[in-house]
Number of protein chains: 2
Amino acid sequence: MSDGFFRSRWVDAPRGVEELEPAQLAPGFRAGGAHVGLKNGGATDVGLLVCDAERIDSALVLTRNASAAAPIRVCRDVVDQANVRAAVVNSGNANAETGEKGFADALAMSERAADALGLEVAQVAVAETGVIGVPMPMGSVLQGIEAAAENLAPDHADVFAEAITTTDRWRKLVTLTAGGVTLSAQAKGAGMIQPNMATMLCFVQTDAVVKDPAAALRRAVEPSFNRITVDGQMSTNDTVLLQATGASGRPLPEGLLEAVLLQMAIEIVRDGEGTARAGRIDVTGAADRGEAERVARAIANSPLVKTALYGRDPNWGRIAQAAGAALVGADMDEIGADSIDADELGAETPEANIALRLHRGDARAHVYFADLGHEYVTLNAEYTT
Amino acid sequence: MSDGFFRSRWVDAPRGVEELEPAQLAPGFRAGGAHVGLKNGGATDVGLLVCDAERIDSALVLTRNASAAAPIRVCRDVVDQANVRAAVVNSGNANAETGEKGFADALAMSERAADALGLEVAQVAVAETGVIGVPMPMGSVLQGIEAAAENLAPDHADVFAEAITTTDRWRKLVTLTAGGVTLSAQAKGAGMIQPNMATMLCFVQTDAVVKDPAAALRRAVEPSFNRITVDGQMSTNDTVLLQATGASGRPLPEGLLEAVLLQMAIEIVRDGEGTARAGRIDVTGAADRGEAERVARAIANSPLVKTALYGRDPNWGRIAQAAGAALVGADMDEIGADSIDADELGAETPEANIALRLHRGDARAHVYFADLGHEYVTLNAEYTT
């Protein structure tokens, strides 16, 4: 599988998985898109995803950022998250920090999509990504939604993936079959249409039976999207949507959703803004889970560790310092070289394993993270309004 | 005063302050130094600071990093912090992550200094900065301490300042008189002898009467060194030492210690590793002090805000995003452009004021921070072991 979708050393692909043509959505789903000028160069920037089955099980995971963007608030306040038949998306404008007008605009997108698809507004999720603080050009966006509704097709997963992409260097989409079910997924990562914030979006469609999609999605998001950090910055727009028709009559194979979301999450780290290398920090022997998590994130978000990963410097002292800062006030021995495995910081591998063993208890946690290099600074600083 | 020591727009120098020759220590203090090869190029890398008065009031503030270096542990466990007559310092080796041997080495430095000065070990503080995880070359260090003891002089504050300096671009020392007392101070900031961690050290000497030096130092450190961040990384070695002889019979003028430490703190930010610009984020209207603090630090440590400061991009959306992430889960309106003053992010000023007004209560907090630019990455990544 190493040349296929599951190419990370950190992902175990479930047995018996077969990759299909990634533009082909799972049975029962269609997608479409249009270009309305939110992005330059004619790329698809408005998209629709719809499930033709009358009955669907769905779940949404949304950012908890207190400055959540308008589409997030529409999904929270208006959408029936267990019954999402369709999603309307755009890239190029995040519709964030746009106030009441932004909320009305996101709601209008949902309404127009519902009209075009013969659905209720509560059945249409909205997701947007791109520049923030800029009003949406609603005339062209609403026209784009109608145009997208007219070109819906079962093999337009690639069109939909383009409709959510900002500066991702490569597209993130996959279609898999295993255990008699098909699952397709599209994601976009830490990109920007203009240097603003990174946003991750992910859409998953399947004909499997998923009895409690909210629980299934939570279980799969926790070890994947909730364990990655590019720059420690939670976006205003992060959204994951799972839709399951149940048409196959078969359950999701054990671990399939987890593996797909983990690979997507790692793709997002690897394709982070200016990322050259990714790391995985594994903290063991912590007093409790909260402590393990705090230490792992302190290391993953330390600019000194991130620049060492970038510069291939096996500088274990920076791991010790970041861990010590996270354990501030604790009464412990020094964290010495013998408790740290930082060799791969200095190795050629694009995915570096780093480990820290504490001697405080049995708890552990790991986090996947991006390095910090010149490309990050260039992308985020060398933009002058 | 703008060409003098108090050159930051953020510091109000107390009235009636006069600057003296900065190499001249406050009355009753002498300093000396030696070069033993911890740093290249012949620069002074071992130093001694001693108070000749028999009686002294002193206080130490030490890093709370759980991986605290050996000299910190000696100061915690062996030194009588209220009665510190002398300090022995070195730059070029932090003596951190050096285990039991490191502790013994730091203690041996204190013992040799005590011998040379006719003091008790408990009266000699130790402070070290530089590369971590490397054993100290104790033979030459102990010889250096003896050499430093032989050239002690009241006008060697500059020698002592050099003995604590790593890659600071400019020296940080000042001697002031006000209200009948003299105060001298030397600091070093976010530098590195080899790309490791930033450490701040600061030494303050005065002939003023300071009745409760621990309380006075805490009061002055809280709004100064505890309100700065270069890269959010707490060092293993941070140390501030205040020594007061009381020989003048006069108290410290109101605000003098606070102003000196604040200017020193801002010097450390301005001279941070690869820093081009400094910012001050002021958060008002928070629900409580903890929330104000959390939001201010989230903004100050956001790499997106730091790169915007570097790139002179008045990108208020990044302030909103960082604040929203710090207020995760809160039920609040969007933080819009009208609550953020980010104009100076895009201005030419080397010290940029940024403000965020929340509408959740009356609490406020501010933090001084460094930008994040190519120089930071170069200094911290382009070092290959």
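Reading the values: rules and limits
Residues numbered from 1 in each chain as written. Chains lettered and ligands numbered in written order. Predicted model: local features only at pLDDT ≥ 70, side-chain atom pairs only at ≥ 80, totals over all residues. Heavy atoms only, no water. Contact = heavy atoms within 4.5 Å. Buried area = accessible area lost by both parts, 1.4 Å probe. Salt bridge = Lys/Arg side-chain N within 4 Å of Asp/Glu carboxyl O. Polar contact = N/O pair within 3.5 Å; in protein donor to acceptor, adjacent residues only side chain to side chain. Nonpolar A, V, L, I, M, F, W, Y, C, P; charged D, E, K, R; others polar. Buried < 20%, exposed > 50% of the residue type's maximum accessible area, 1.4 Å probe, protein only. Helix = DSSP H or I, 4+ residues; strand = E, 2+ residues; numbered from the N terminus. Pairing = 2+ DSSP bridges. Axes fitted to C-alpha atoms, helices over the stretch in contact; angles between N-to-C directions. Expected span 1.5 Å × (residues − 1). Parallel < 35°, antiparallel > 145°, perpendicular 65-115°, else oblique. Left-handed = near helix turned anticlockwise from the far one by under 90°. Least-squares fit on C-alpha atoms with pLDDT ≥ 70 in both. Phe/Tyr/Trp six-rings, centres within 6.5 Å; stacked < 30°, edge-to-face > 60°.

A. Expanded view of the interface of chain B and chain A. With 60 residues of chain B in contact, the opposing surface of chain A contributes 60 residues. With both chains or domains summed, chain B and chain A bury close to 4,400 Å², and 54% of this area falls on carbon and sulfur atoms. Ranking the residues of chain B by area buried against chain A places B:Ala66, B:Glu334 and B:His374 at the top, with a combined share of 15%. The interface formed by chain B and chain A includes 0 salt bridges. Linking chain B to chain A there are 9 residue pairs in polar contact (both at pLDDT 80 or more). The residue makeup of the side of chain B that touches chain A, split by class, is 26 nonpolar, 23 polar and 11 charged.

B. Representation of the pattern of salt bridges. Residues and elements named next belong to chain A. Counted according to the given criterion, the structure contains 38 salt bridges over all chains. In this structure, Arg55 engages Asp57 in a salt bridge whose closest nitrogen and oxygen atoms are separated by 3.2 Å. Using a relative accessible area of 54% as the deciding quantity, one classes Arg55 as exposed. Here Arg289 and Glu293 are joined by a salt bridge, their closest N and O atoms 3.3 Å apart. In this pair, Arg289 and Glu293 are both assigned in helix α7 (residues 289-300), 4 residues apart and thus about one turn of the helix distant. Classification of Glu293 as buried rests on a relative accessible area of 18%. One continuous salt-bridge network, built from bridges that share partners, spans Glu222, Arg227, Arg289, Glu293 and Arg297.

C. Looking closely at the sheet that holds strand β9 (residues 201-206) of chain A. Residues and elements named next belong to chain A. One open sheet accounts for 6 strands, arranged β1-β7-β8-β9-β11-β4; its pairing is mixed. Strand pairing shows two members of the sheet lacking a second neighbour, β1 (18-20) and β4 (57-62), which therefore form its edges. Averaged over neighbouring strand pairs, the angle between their axes works out to 20° when direction is ignored. In the sheet, β4 pairs with strand β11 (residues 239-244) via 6 bridges, with the strands oriented antiparallel. Residue pairing across strands places Ala59 opposite Leu242, the latter belonging to β11. Where helix α5 (residues 213-221) meets the sheet, it contacts β4 and β11, and its direction lies at approximately 40° from that of β4. Helix α6 (residues 256-270) contacts β7 (172-178), β8 (181-188), β9 and β11 of the sheet and is inclined by roughly 160° relative to β7.

D. Layout of α7(A). Residue and element names in this part refer to chain A. The end-to-end C-alpha distance of α7, which contains 12 residues, comes to 16 Å, matching closely the 16 Å that a straight helix rising 1.5 Å per residue would cover. For α7, the set of buried residues is Glu291, Ala292, Glu293, Val295, Ala296, Ile299 and Ala300. Of the surrounding elements, those touching the buried residues of α7 are β10 (228-229), β12 (278-286), α8 (303-311), α9 (316-326), β14 (351-357) and β15 (363-370).

E. View of the side chain of B:Glu267. Relative to the assigned elements, B:Glu267 resides in helix α6 (residues 256-270). Engagement of the side chain of B:Glu267 in a polar contact is seen with the side chain of B:Trp170, the distance being 2.7 Å.

F. Representation of the packing of helix α7 (residues 289-300) of chain B against helix α9 (residues 316-326) of chain B in the model. All names here are of chain B. Interhelical geometry of α7 versus α9 gives an angle of 135° and a closest axis separation of 8 Å. Judged on the interaxial angle alone, α9 and α7 are oblique. Handedness of the crossing formed by α7 with α9: right-handed. In contact with Arg294, Val295, Ala298 and Ile299 of α7, α9 contributes Ile319, Ala322, Ala323 and Ala326. Class assignment of the residues belonging to the contact of α7 with α9 gives a composition of 7 nonpolar, no polar and 1 charged.

G. Examining the packing of helix α10 (residues 374-381) of chain A against helix α8 (residues 303-311) of chain B more closely. Across the interface, α10(A) lies against α8(B) with an axial gap of 8 Å and an inter-helix angle of 70°. Comparing the axis directions of α10(A) and α8(B) gives the class roughly perpendicular. Handedness of the crossing formed by α10(A) with α8(B): right-handed. Residue-level inspection shows A:Tyr376, A:Val377, A:Asn380 and A:Ala381 of α10(A) in contact with α8(B), the latter providing B:Pro303, B:Leu304, B:Thr307, B:Ala308, B:Tyr310 and B:Gly311. Its residues assigned to classes, the contact of α10(A) with α8(B) comprises 7 nonpolar, 3 polar and no charged.

H. Inspection of the relation of the copies chain B and chain A at higher detail. Note on the identical chains: chain B maps onto chain A by a rotation of 180° and an axial translation of 0.0 Å, with an RMSD of 0.0 Å. Both copies are brought into coincidence by an operation consistent with a two-fold rotation axis. Distance from the rotation axis, computed per C-alpha, reaches its smallest value in chain B at B:His374: 3.0 Å. The residues that chain B uses at the interface reappear at the interface of chain A in 100% of cases, marking a shared surface.

I. Highlighting the sheet that holds strand β10 (residues 228-229) of chain B. All names here are of chain B. The strand order across the open sheet formed by 5 strands is β10-β15-β12-β14-β13, and the pairing between neighbours is mixed. If you trace the sheet from one side to the other, it starts and ends with β10 and β13 (340-341), each paired once. Across the sheet, α7 lies against β10, β12 (278-286), β14 (351-357) and β15 (363-370), angled at about 20° from β15, the strand it touches most. Sitting on the sheet, α8 touches β10, β12, β14 and β15, and the angle it makes with β15 is about 60°.

J. Main features of the environment of B:Asp288. All names here are of chain B. With respect to the helices, strands and loops of the structure, Asp288 is situated in the loop between β12 and α7. For the pair Asp288 and Arg30, spaced 258 residues apart in sequence, the C-alpha to C-alpha distance is 45 Å. At 3.2 Å, the side chain of Asp288 and the backbone nitrogen of Gly290 are in polar contact.

K. Structural detail: the packing of aromatic side chains. Per the stated rule, a full pass over the model turns up 6 aromatic pairs over all chains. Between A:Trp10 and A:Tyr368, the aromatic rings sit 5.3 Å apart at their centres with planes inclined by 50°, giving tilted as the arrangement. Taken together, the positions of A:Trp10 in the segment before β1 and A:Tyr368 in strand β15 put the pair 358 residues apart, joining distant regions of the chain. One exposure class covers both A:Trp10 and A:Tyr368, and it is buried. Ring centres of B:Phe160 and B:Phe203 lie 5.0 Å apart, and the angle between their planes is 80°; this geometry places the pair in the edge-to-face category. Of this pair, B:Phe160 sits in helix α4 (residues 157-163) while B:Phe203 sits in strand β9 (residues 201-206); the two residues are 43 residues apart in sequence, bridging distant segments of the chain. Each member of the pair, B:Phe160 as well as B:Phe203, is classed as buried.

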